[in-house]
Structures are given as C-alpha cells and as structure tokens.
Amino acid sequence: MALTSLRRIFAKELPKFGIENLKTLTYSKDCSTLLLRRKAEIIGGMVFRILSNAAAELCLCAICRPHHQKGYGTLMMRKFQRHLFATNITTIVTAADHGAVEWFRKMGFADETEEIKWKGKIKEIKYGVLMVCELPVPLAKPAGI
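Attention here is on the structure that accompanies the text. (Residues numbered from 1 in each chain as written. Predicted model: local features only at pLDDT ≥ 70, side-chain atom pairs only at ≥ 80, totals over all residues. Heavy atoms only, no water.)

1. Details of the overall build of the chain
Right, on to step 1. Helices and strands together make up the secondary structure of the chain, namely four helices and six strands.
Right, on to step 2. Listing the helices and strands of the chain from first to last along the sequence gives α-α-β-β-β-α-β-α-β-β.
Right, on to step 3. Classification of the 145 residues of the chain by burial places 40% in the buried group.
Right, on to step 4. Long-range contacts, defined here as pairs at least 24 residues apart, represent 62% of the contacts in the chain between residues at least 6 apart.
Right, on to step 5. Carbon and sulfur atoms make up 55% of the accessible area of the chain, which totals about 8,900 Å². (Helix = DSSP H or I, 4+ residues; strand = E, 2+ residues; numbered from the N terminus. Buried < 20%, exposed > 50% of the residue type's maximum accessible area, 1.4 Å probe, protein only. Contact = heavy atoms within 4.5 Å. Areas by Shrake-Rupley, 256 points an atom, 1.4 Å probe, with all protein chains shown as cover.)

2. A look at the pattern of salt bridges
Right, on to step 1. Under the criterion given, the structure shown has five salt bridges.
Right, on to step 2. Here Arg49 makes a salt bridge to Glu57, at a shortest N to O gap of 2.7 Å.
Right, on to step 3. For Arg49, a relative accessible area of 16% puts it in the buried group.
Right, on to step 4. Classification of Glu57 by relative accessible area gives buried; the value is 6%. (Salt bridge = Lys/Arg side-chain N within 4 Å of Asp/Glu carboxyl O.)

3. Quick look at the side chain of Thr94
Right, on to step 1. Topologically, Thr94 is positioned in strand β4 (residues 91-96).
Right, on to step 2. The class for Thr94 is buried, based on a relative accessible area of 5%.
Right, on to step 3. Within polar-contact distance, the side chain of Thr94 engages the backbone oxygen of Leu58 at 2.8 Å. (Polar contact = N/O pair within 3.5 Å; in protein donor to acceptor, adjacent residues only side chain to side chain.)

4. Remarks on unusual backbone geometry
Right, on to step 1. For Gln69, which is not a glycine, the phi torsion comes out positive at approximately 65°.
Right, on to step 2. Position of Gln69 among the secondary structure elements: in the loop between β3 (55-63) and α3 (72-86).
Right, on to step 3. One non-glycine residue, Asn88, lies in the positive phi region at around 65°.
Right, on to step 4. Within the element layout of this structure, Asn88 appears in the loop between α3 and β4.

In structure tokens:
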C-alpha cells in the first residue's frame, strides 16, 4: 500500500520516467525505499540501491507538489545522507532531472564529469544530468577526549 502511494507520487512528479520504469524501480527487490510521511499521509520518498564500491544510486526522489518549498525534500535528503554514512556509504550518484539540478547542488551534489566511471554500475541515463555527492568524512576525535 505504501509503495503504491509512493509510486503514484513518482508518476505525477517524474512523468518522463514512464509508468513501467517507475513500477520496476519502486518494487525492485534490489532497491530500498525511504518514505516521508506527514501525519499518516505519504508525501514523498526515495528509491535507492547500494552499489559495490561504497556508493549508492539514488534512482528516484520526489515530494508531492503541495509540499514543495516547505523543507521536506531537504529533510528527507539529510536523513538519507546520514543513513548512508552510518552504513559506510560515502558516495551518492543520481541522474537529476534538469528542473532539479539546482536543488541537488544545494544538497551537496556536483556535476559528474567522469561518466565512464559509472557506466554499467548505475541505470542508464536517458535524460537528466549525472550528479554525485561525496559525503564528508567526520574528523576523528583526538585521543583522550
């Protein structure tokens, strides 16, 4: 039920992906899902998969339109980044829709210039901009503190 609600949000907010691609990714056993709820309502989410090289591919990310510009996307991304970092994932790669590139930049992503590095590791990019986020490594505490 929750995944179906999220797939509907993806279909509305990410129409270029096509319904079949959205179904495949949303229900894939190779992917994990992060849901964002406000009260009992699902208002957004992410679908991602862990890659073998301490990296994760953010396959889908959307917040339903009535909740845009309210900080929910930032909240969801920060929670996602903390979760990945806690599991020793240090790199996030995504294909950002052209309309979302600036938002991804605000979230710490940069344009990836070495696309060949990701060929065969992530889903084929048919549109959008390949972007990557290197999660900062926290400084170790000095001994004795």
